[in-house]
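# Per-entry structural report
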Amino acid sequence: MIISMRPHASKAEIDHVCERIREFGYKVHSIEGEARVVIGVVGVGDVTACLESLEATPGVESAMRISAPYKFVSREFKKEDSAIRVNGLEIGGDEFIVMAGPCSVENEKQIMQTAEGVAAAGARMLRGGAFKPRTSPYDFQGLELEGLKLLRKAKEATGLGIITEVMSDRDVDLVAEYADCMQVGARNMQNFSLLKSLGGCGRPVLLKRGLSSTIKELLMSAEYVVAHGNPNVILCERGIRTFETATRNTCDIASIPVLEELTHLPVVLDPSHATGKRSLVPALSRAGVAIGADGLIVEVHPCPEKAVSDGAQSLTIADFGKMMDSLQAYVQLWKQARLAAAAVVA
């Protein structure tokens with residue numbers, strides 16, 4: 001349920017409403033707003049009786065049941081867009097954010113060269129895997145702690161925020177010590193133990209859509225993180241598995257505006273995994289900007305032919321720079337559209 005208090009309701013009235021909610025067996029999940037307080041309510045109980053009681057409680061303007069199965073990430077709960085702060089940036093705000101870097105952190109020279117190159121080209125965050133989920137148990141699994149230390153060194157040299165993947169609930173605290181944003185890969189989208197742990201990690205979470213997952217399932221996974229205490233979730237469309245074999249995955253580009261209708265959370269596009277081919281990444285990146293994504297996460301490597309993983313879909317540093325130049329006209333239109341939308345809301 002969502003309980004909207006009257007403008008400038010007193011603290012005593014808000015506290016009394018929270019007390020009544022708990023008497024019905026529900027939990028008060030979040031309280032937001034300045035002039036107007038909105039209280040989120042979760043749990044199992046007699047919804048009708050609770051709503052009727054709260055509507056008659058002093059200070060309450062309205063009480064509404066949330067129909068979507070995902071409560072706190074839905075537009076019903078929060079109509080305005082959420083902007084997630086990461087290392088001084090706002091993803092979902094008025095700046096288009098590009099995250100770039102290699103699939104895997106391989107060595108110091110590789111990650112430092114990449115970090116410096118993508119920063120010079122205009123990327124705002126560095127991506128790179130220290131822990132890598134691989135289909136084959138014999139493939140490179142990542143440098144783990146050493147990889148995290150190299151990412152920190154790259155951040156110190158460039159100022160780029162760090163986004164890296166966490167694969168297990170056992171590693172959450174370790175990765176959170178080094179990362180500015182915790183990435184959940186497609187294979188772990190429904191790793192519910194991991195999602196619950198990320199609810200208390202103190203870091204924003206970028207949640208990638210599963211290989212064969214529906215939009216509803218993606219939102220339900222985001223709900224796990226938010227319901228366990230972390231509202232700072234960024235969604236990522238990275239392509240889904242279909243019958244098509246011309247690309248590594250099929251990019252569901254329509255999922256971006258669909259998600260923007262259903263949720264207040266920001267949405268970014270991963271054109272590298274969505275295509276699996278570096279030649280297609282720039283075109284799909286332009287499409288992502290044009291359709292209204294909040295940012296991109298792109299794979300870049302100083303020498304893709306020597307990459308230990310995903311070399312075929314990784315841009316060279318030079319090609320990444322050219323792509324960033326080609327995006328500028330699209331980003332300007334994107335900013336104009338954001339300003340126009342903000343004016344309408346105001």
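Preceding this paragraph is the structure being described.
Bear in mind the structure is a predicted one, so any value in this text is a computation, not a measurement.

Here is what the cut-offs are and how they apply
- Residues numbered from 1 in each chain as written.
- Predicted model: local features only at pLDDT ≥ 70, side-chain atom pairs only at ≥ 80, totals over all residues.
- Heavy atoms only, no water.
- Buried < 20%, exposed > 50% of the residue type's maximum accessible area, 1.4 Å probe, protein only.
- Helix = DSSP H or I, 4+ residues; strand = E, 2+ residues; numbered from the N terminus.
- Arc of directions from axis to C-beta.
- Contact = heavy atoms within 4.5 Å.
- Pairing = 2+ DSSP bridges.
- Axes fitted to C-alpha atoms, helices over the stretch in contact; angles between N-to-C directions.
- Polar contact = N/O pair within 3.5 Å; in protein donor to acceptor, adjacent residues only side chain to side chain.

### Focus: helix H8 (residues 255-262)
Within the sequence span of H8, burial applies to Ser255, Ile256 and Leu259. Looking straight down H8, one finds that the buried residues subtend no more than 100° of arc, so they occupy a single side. Tucked into the core, H8 has its buried residues touching helix H7 (215-227), strand E12 (233-237), strand E13 (267-269) and helix H10 (281-291).

### A closer look at the sheet that holds strand E1 (residues 2-5)
Read from one edge of the open sheet, 4 strands run E2-E3-E1-E4, paired in antiparallel fashion. The open sheet has two free edges, formed respectively by strand E2 (27-32) and strand E4 (60-64), since each of these has just one partner strand. Looking at each pair of strands side by side, their axes are set apart by 20° on average, direction ignored. Taken together, the 3 bridges between E1 and strand E3 (residues 38-42) define a ladder with antiparallel strand orientation. From the neighbouring strand, Ile2 faces E3, where its bridge partner is Gly40. Of the strands in this sheet, E1, E2, E3 and E4 are in contact with helix H1 (residues 11-23), which crosses E2 at around 150°.

### Let's talk about the environment of Asp252
Mapping Asp252 onto the fold places it in the loop between E12 and H8. Residues Asp252 and Val233 lie 19 residues apart in sequence; the distance between their C-alpha atoms is 20 Å. If we ignore the near neighbours within four places in the chain, the residues touching Asp252 are Arg209, Ile215, Glu237 and Ile240. Reaching out from Asp252, the side chain makes a polar contact with the side chain of Arg209 at a distance of 2.9 Å.

Read these as spatial facts, not as claims about activity.
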